[in-house]
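# Chain and residue survey
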Amino acid sequence: MLLERKKEIAQVDGALRAARDGRSSLILLTGPLGMGRSALLQRLAGCADGSDVRVLTAHAALMEQDFAFGVVRQLFDSLKTGAAHESRHLLHEEPDKFARLVFTGDDGASGVDPDTDTAEATLYGLRSLLARLSEETPLLLLLDDLQWADAPSLRWLAYLAKRLHGLRIVLVCTLREGDPWSRYSLVREVTDCAHQTLSPAPLSLDATRAMVEEQFGEPGDEAYVRACYEVSTGNPLFLLSVLLGMVVGGYRPTADNAEAARSLRPSELRERLTGCIRTQTPPVRDLAAAIAVLGDQADPGLIAQLTGLDDIGLTSAQRVLYELGLLADENTPRFVHRVVQDAVESSLTVTQREDLHNSAAALLYEGGRPAEQTAAQLMAVTGRGPSWSTAVLRSAAATALRRGAPEIAARYLRRALLDSTDQDEDRARLLIDLATAERTFDTAASERHIAQALPMLPQVKDRAAAVQRMPPALFAPPSSSMVELMRRTAEELGAPEDLDGTTRETALRLEARLRHYAQEDPDALSSAVERLREMGGEPPLESGAERELTAVLLCSATFAGRLSASAVARTAGRVLEREPADRARVHTTVPLAAITLLAADSVEGLESWLTPEEHPGRPVSAADDALLLAQRAMVRVACGDPAWAREYAESAVRLTAPCWYEAPTLVLAAVALELGDPALSEEVLAGAESRKPVGLALTAMLRILQASVRAQRGMRARALEDLLACGRQLESRGWQNSAVFPWRPRAIGLYQRLGDDLSAMVLADEEHSWAAAWGAPAVLGRALRLKGRLHGDRGIPMLRQAVDVLRSSHNELELARSLVLLGSRLGSGAEAQEALREGGELAAACGAPWLVERAVNELGTVPALKKQVLTPGERKVVSLAGDGLTNQEIAEQLGVSSRAVEKHLTNSYRKIGVSGRAELAEALRAPEFAYLRS
């Protein structure tokens, strides 16, 4: 509290030196709340103690203003000499005479003769007492909070201040600016006599840095120090309160905790400020309350209407709040810190707060302000709102949804429901709107509210439209009650072929949802495949509902493996060609078409479809972005780029709400499986265990991942049991496609490692037969590689065939595996060397160091790999960096974290042989790096 106060201390020291020569003075220390005036007085007393200066101290208090002469008594009682007894005699033995003189304000200027008037003689005697004391040694009188001194003491201080000449006294008084008592006439009578007025300045950034180090016992990061400086505006009390709160909270002064320092609202500071606000005049309190209630909407016009203050009163009250240090700017009604608003709200009763919020809501509504501004006021009221409140809250919810804030939209709608007590269609519409907002973060609540709304909707088409508001969770079934509700509604509505217009569209969407939810039923799966066949080679895809149904049927056919990859990929491609690139597709079944394309090894154009254009008028949410990132990760896995896939998948997991974790978790599990990363695998499994997945897709992928972890630990037999059990479970549901759930390829490898070559060959033949029927290059090439590995040297032709097949695949990592295995089996010669070299370079480009190491070991020399190839993710980042984009801009464009961008750039610098961005820009001009230039 005393940092950067040397100037003020020096000026008091100078005044004391002058007092020794008989030049007394009155010094006034002013400033807003928390500037350290009291601490400075204590420091002055400590510095003078033990020197040739005698110190008299007093502390005025608002609650002691009725205690006559309280401050004077404190000053003289601090004397530890006979003078203390003499002063007490004047004050205690003759109080009536002393009081009469003080209360009349007679200071001797009226002609009273001190030799004949006893009361005046008493007053004169006190001054004479100080004079005698100051002859012995200079006196330093320190009075804290002058504005709260009792009236008799103030009159005596005014008397003394006008008669300091000839004494050896320095009187130092502190005065809080903005306090209503500081404008009291008796206070002004004292302050007008001041010889110097000192106003301690706010602490600088350097002082803040020193204070941080003092409180934490270690230097603070620059970002943390700056955050503390900005949030406290240099006010020592504010700064100390924040620092103590951070220390108690166990925080360290690091850059990571800078935002925590900015957002901290210390309770002790709030209580101190609350007391300060309660002492203010009604206009000042009213203004503070209006600013607190209106928040960011606190413009002068609204404040004047809410407070009833005229321009002069408003300006005066605003100046007082600024002088108190509660406003950031004298001309702007904005508090310096959120804790000030907390303090103002604490000073109001519940009724006062509600009345103010009601009045503010009415003003905003009548003034045509945006709905969310009015809604914010309605949200603070617990009672029933005005007749227009429901319409305003619904409009605000729609605005919140459009800007991607479904949680806020849900809060508005829940508040609107409090004003809607009739069980009618209007309440049903509110419930449906609420369910629509909740579906991205609380599917259980969304289902519940739709179920509550249906009985209040008289028309079946309205009930059907409401049911389809529930989003189709791609990898987790809804509750059985919701499925039954949807089934009954679909039956009421009728078959799609018997309907037309929007009613037919609704029926098609309900059919799509019901078929999607029934995919774990083998009979329903077979029915879906037959439905797709009935639709012919080119099913109708003109409407969104037709595309939704087709996407579900294609996904069912993919899981079952009943049709060829080329057939389903062709239809899935047509679906995406006609489907607008829109982030809100998370609420439809269309994304299921992407699963078909990935399993069919037909990903061309899929990544661009997963980078939709922004539609400002359409609602988006974190769930929308999480699904897009998860799908991008799936594309990178299918292309053999697991490192970049991991960045997308981890970003998706961070974004998504608990109720939408299935898709990102499933993709991250697939990435961990491809990387063979034990730490990542354990992390995924632990996270999933805490959420108890129920959907077959996620459960199966996690079982395969668990088997991989056990195999890495040497528990091969247990791992094989897990895989075979997983396979039986999938096949019992009719899910045959190992392009989606690769349990057979991993079981083949474990059979071989356990020495059961016969079982491995039987399963490999089964995998090859299925892969040949499916026909996707990636899975067929993988099946050929697995068979070729089992047959030793006799398997070389199969490995050559695998390489040939995989050259038409997008999965470069799978091609790299086959090339390295082929080169290893060939042993020596040009073909072996070329296969190992190409496989090693592809593995490096895919970010598979374990496969690179295997290729290098077979080659016998590291230089045989011509260069360290950038992975696809690194190539993207380097290309964008070469275009001049910052790390943050690259992260936003690619949908990953800044940390991921930094990591890829660091790896790229090492591989290219540069030290940073400046050298990178130069290197990209070279011909050998032309492929990196966008």
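Residues numbered from 1 in each chain as written. Predicted model: local features only at pLDDT ≥ 70, side-chain atom pairs only at ≥ 80, totals over all residues. Heavy atoms only, no water.

## So, the overall build of the chain
Across its full length, the chain holds 48 helices and seven strands. Buried residues in the chain amount to 55% of all 934 residues. About 39200 Å² of surface is accessible on the chain, with carbon and sulfur atoms providing 50% of the total. (Helix = DSSP H or I, 4+ residues; strand = E, 2+ residues; numbered from the N terminus. Buried < 20%, exposed > 50% of the residue type's maximum accessible area, 1.4 Å probe, protein only. Areas by Shrake-Rupley, 256 points an atom, 1.4 Å probe, with all protein chains shown as cover.)

## So, empty space enclosed by the protein
A full pass over the atoms with the stated rule returns four cavities of 30 Å³ or more. A volume near 60 Å³ is recorded for the second largest cavity. Forming the boundary of the second largest cavity are L474, F475, P591, I595, L627, A630, Q631, M634, A663 and V667. Elements with a contribution of two residues or more to the lining of the second largest cavity: α32 (622-638) and α34 (662-675). Per element, the largest residue contribution to the lining of the second largest cavity is four residues, and it comes from α32. (1 Å grid on protein atoms, 1.4 Å probe; cavity = no way out; pocket = protein on both sides within 12 Å on 5 of 7 lines; lining within 4 Å. Points joined across faces, edges and corners; volume = space filled by probe spheres on them.)

## Considering the sheet that holds strand β1 (residues 25-31)
A sheet is described by the order of its strands in space; here five strands give the open sequence β2-β3-β4-β1-β5, paired in parallel fashion. Two strands lie at the open edges of the sheet, namely β2 (54-59) and β5 (196-198), each paired on one side alone. For this sheet, the mean angle separating the axes of adjacent strands, direction not counted, is 15 degrees. Relative to strand β3 (residues 139-144), β2 runs parallel, the two sharing six bridges. By the bridge assignment, H59 is partnered in β3 with D144. (Pairing = 2+ DSSP bridges. Axes fitted to C-alpha atoms, helices over the stretch in contact; angles between N-to-C directions.)

## Side note on the layout of surface pockets
Computed from the structure, the largest pocket encloses a volume of approximately 1600 Å³. Taken together, 49 residues form the lining of the largest pocket, with L673, E674, R746, E814 and R817 sitting closest to its centre. Split by residue class, the lining of the largest pocket holds 30 nonpolar, seven polar and 12 charged. (Nonpolar A, V, L, I, M, F, W, Y, C, P; charged D, E, K, R; others polar.)

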